[in-house]
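A structural walkthrough
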Amino acid sequence: MKERILETADRLFYLQGIRAIGVDTIAAEIGISKRTLYNHFPSKDALIEAYLQRRFVQPRPSDKPPAEQILATFDSLERRFSAKDFRGCPFVNAVAELGPEDEDRTVRNIAIAFKESRRLWFRNLLRQLGVADAEGLATQLTLLVDGSIAQDLVRDDPAMARAAREAARVLLANAGIKVGSPAPAGKKRAG
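What counts and how
Residues numbered from 1 in each chain as written. Predicted model: local features only at pLDDT ≥ 70, side-chain atom pairs only at ≥ 80, totals over all residues. Heavy atoms only, no water. Helix = DSSP H or I, 4+ residues; strand = E, 2+ residues; numbered from the N terminus. Buried < 20%, exposed > 50% of the residue type's maximum accessible area, 1.4 Å probe, protein only. Contact = heavy atoms within 4.5 Å. Areas by Shrake-Rupley, 256 points an atom, 1.4 Å probe, with all protein chains shown as cover. Lys, Arg positive; Asp, Glu negative; His and termini not counted. Charge placed at Lys NZ, Arg CZ, Asp CG, Glu CD. Core = buried A, V, L, I, M, F, W, Y, C linked by side-chain atoms within 4.5 Å. pLDDT = per-residue confidence, 0-100. Salt bridge = Lys/Arg side-chain N within 4 Å of Asp/Glu carboxyl O.

**Details of the overall build of the protein chain**
- From N to C terminus, the protein chain includes nine helices and zero strands.
- Helices (α) and strands (β) of the protein chain occur, in sequence order from the N terminus, as α-α-α-α-α-α-α-α-α.
- Here the C-alpha coordinates of the protein chain stretch approximately 60 × 35 × 35 Å along the principal axes.
- Counting the 191 residues in the protein chain, one finds 43% classified as buried.
- Taking the intrachain contacts of the protein chain between residues at least 6 apart in sequence as the baseline, contacts between residues at least 24 apart amount to 66%.
- Surface summary for the protein chain: the accessible area is close to 10500 Å², and the carbon and sulfur share equals 51%.
- Placing the 30 positive and 25 negative side-chain charges of the protein chain at their respective mean positions leaves the two points 4 Å apart.

**Looking at the nonpolar core**
- By size, the foremost hydrophobic cluster in this structure holds 54 residues, and its most contacted members are F13, I26, L47 and L126.
- Counting only elements with at least two residues in this core, the list comes to α1 (2–16), α2 (23–30), α4 (44–55), α5 (66–81), α6 (90–98), α7 (106–128), α8 (134–155) and α9 (159–174).
- Of the residues forming this core, the biggest block, eight residues, is contributed by α7.
- When sequence neighbours within four positions are dropped, the list of residues in contact with L126 reads I70, V131, A134, L137, A138, L141 and L172.

**Some thoughts on the confidence of the model for the protein chain**
- In this model, the protein chain carries an average pLDDT of 93, and 94% of its residues clear a pLDDT of 70 or more.
- Per-element confidence in the protein chain is highest for α8, whose mean pLDDT is 98, and lowest for α6, whose mean pLDDT is 95.
- For residues 187–191, every residue scores under 50 in pLDDT, and the model assigns this stretch 15 contacts once sequence neighbours within four places are set aside.

**Examining the pattern of salt bridges**
- Going through the model one piece at a time under the given rule, you end up with 15 salt bridges.
- Where D146 meets K115, a salt bridge forms, and the shortest distance between an N and an O atom there is 2.6 Å. You can see D146 sitting in helix α8 and its partner K115 sitting in helix α7, a full 31 residues away along the chain.
- According to the relative accessible area criterion, D146 is partly exposed, its value standing at 26%.
- Between R119 and E135 there is a salt bridge; the shortest N-O distance is 2.8 Å. On the criterion of sequence distance, the pair formed by R119 in helix α7 and E135 in helix α8 is long-range, its members being 16 residues apart.
- Its relative accessible area of 13% is what places R119 among the buried residues.
- With relative accessibility at 32%, the residue E135 sits in the partly exposed group.
- If you follow the salt bridges from partner to partner, you end up with E3, E7, D10, R54 and R55 in one network.

Below, the structure is given as structure tokens:
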């Protein structure tokens, strides 16, 4: 039951917004009472925290060369941008929605931890490549990820990930990393 509640909350929070969805809606969607929901999650804040923790997924280990893994991040983003249900970064969305209401900073701390884990993943790959300023370049790559997400949301154009990939390729080349040619052009999102 706990997983069903979390799965439903995840879908509704992500697609419709945390503020827009109350525990009544989640309970009704599943066909349970609010009391049953509260037996598993003592408050909406606890449910929000569990939702974000569920979304906190680390990149899978890969045997691909580090530069390929870095560039594949943008290919993955392009595929996600092409999905009809893409609504941006759930961590940024949660911070934007809950801002001042997140008095204990739980949501903000989870978002920071997620963003930092992605930056550290980039940094570790860059260190494997022997990049002199792995810290700085990791931050720049993280900004490209977040910027491409924001641009896709505004423009509804998955090509924003491809543009970010090309910028990442240039940054890697400027850092002395041999990288392949630009990614082929993809398709715009349907509908």
